[in-house]
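# Topology and contacts: notes
Listed here are the chains, written in short residue letters.
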Amino acid sequence: MKISGKIYLFIAILVFFAASCTKPASKSPGRKNLADIYNPAKNSLHPDFFINHLNDSNSVIYIRIYPSELLFSQANDEGKLMAKFRIQYE
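Residues numbered from 1 in each chain as written. Predicted model: local features only at pLDDT ≥ 70, side-chain atom pairs only at ≥ 80, totals over all residues. Heavy atoms only, no water.

## Quick look at the overall build of the protein
What counts, and what does not: Under the DSSP-based scheme used, a helix requires at least four consecutive residues in state H or I and a strand at least two consecutive residues in state E, with every element numbered from the N terminus. In this description, contact between two residues means that some pair of their heavy atoms is separated by no more than 4.5 Å. Surface accessibility follows the Shrake-Rupley procedure with a 1.4 Å probe radius. Residue values consider only the protein chains on display as shielding.
If you tally the helices and strands in the protein, you get one helix and two strands. Along the protein, helices (α) and strands (β) appear in the sequence α-β-β when read from the amino end. Put simply, of all contacts in the protein between residues at least 6 apart along the chain, 13% involve residues at least 24 apart. Carbon together with sulfur atoms contributes 60% to the accessible area of the protein, which is approximately 9300 Å² in total.

In structure tokens:
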């Protein structure tokens, strides 16, 4: 039983499209550049703040921290992305 040339052509085109539709291998997660998390100057915060003086002895300070400047981690009990920061005043 002979297979005609049209079937060979159809199979060749099918193989070509199947090979071209596969996704290229992505970089492994272990090859990310993590140098920025060890450089404190790269991860500094730039908060906005506003102080409202209620009277001579009481004031309220409003602070806005931008989430894009925080370093989030999943290393917690819930496994959720979390970030911590501390505000200190004197």
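## Here's the deal with the pairing of strand E2 (residues 59-64)
Operational definition: Two strands are counted as paired when DSSP detects at least two bridges linking them.
Sheet topology places strand E1 (residues 48-53) next to E2; six bridges connect them, and they run antiparallel. Across the sheet, Phe50 pairs through a bridge with Tyr62, a residue of E2. The turn linking E1 back onto E2 is made up of five residues.

## Side note on the pattern of salt bridges
Pairs can form between side chains of opposite charge once their charged atoms are near each other. As a reminder, the rule being used: Salt bridge, as used here: a side-chain nitrogen of Lys or Arg that lies within 4 Å of a carboxyl oxygen of Asp or Glu.
Throughout the structure, instances matching the rule amount to one salt bridge. Between Arg64 and Asp48 there is a salt bridge, with the nearest N and O atoms lying 3.1 Å from each other. Here the residue Arg64 occupies a position in strand E2, and Asp48 occupies one in strand E1, the gap between them amounting to 16 residues.

## Observations concerning the packing of aromatic side chains
Stated precisely, the cut-off is as follows: Here a pair means two rings of Phe, Tyr or Trp (six-membered ring of Trp) with centres within 6.5 Å. Their orientation is stacked below 30 degrees between planes, edge-to-face above 60, and tilted elsewhere.
Going through the model one piece at a time under the given rule, you end up with one aromatic pair. The interplanar angle of 25 degrees and the centroid separation of 6.3 Å between the aromatic rings of Phe50 and Tyr62 together place this pair among those described as stacked. Of this pair, Phe50 sits in strand E1 while Tyr62 sits in strand E2, and the two are 12 residues apart along the sequence.

## Things to note about a nonpolar patch on the surface
Going by this rule: Excluding any residue in a salt bridge, patches collect residues exceeding 30% relative accessible area, merging like charges within 9 Å and nonpolar Val, Leu, Ile, Met, Phe, Trp and Tyr side chains within 5 Å. Note on exposure labels: buried denotes an accessible area under 20% of the residue type's maximum, exposed denotes more than 50%, and partly exposed covers the range between, all computed with a 1.4 Å probe on protein chains only.
A contiguous nonpolar surface patch, about 670 Å² in accessible area, is contributed by Leu45, Phe49, Ile51, Ile61, Ile63, Phe85 and Ile87. Elements that contribute at least two residues to the nonpolar patch include exactly E1 and E2. Along the chain, the position of Phe49 falls in strand E1. Taking the relative accessible area as the measure of exposure, Phe49 reaches 61% and is therefore exposed.

## Some words on the environment of Asn55
What counts here: Two N or O atoms form a polar contact when they lie within 3.5 Å of each other; inside protein one atom must be a possible hydrogen donor and the other a possible acceptor, and for residues adjacent in sequence the pair counts only when both atoms belong to side chains.
Relative to the assigned elements, Asn55 resides in the loop between E1 and E2. Only 2.7 Å separates the side chain of Asn55 from the backbone nitrogen of Asn58, close enough to count as a polar contact.

## Structural notes on the environment of Leu45
In this fold, Leu45 is placed in the loop between helix H1 (5-20) and E1. Sequence spacing of Leu45 and Leu70 is 25 residues, and the spatial spacing of their C-alpha atoms is 7.5 Å.

In short, the description is geometric, and any link to function would need to be established separately.
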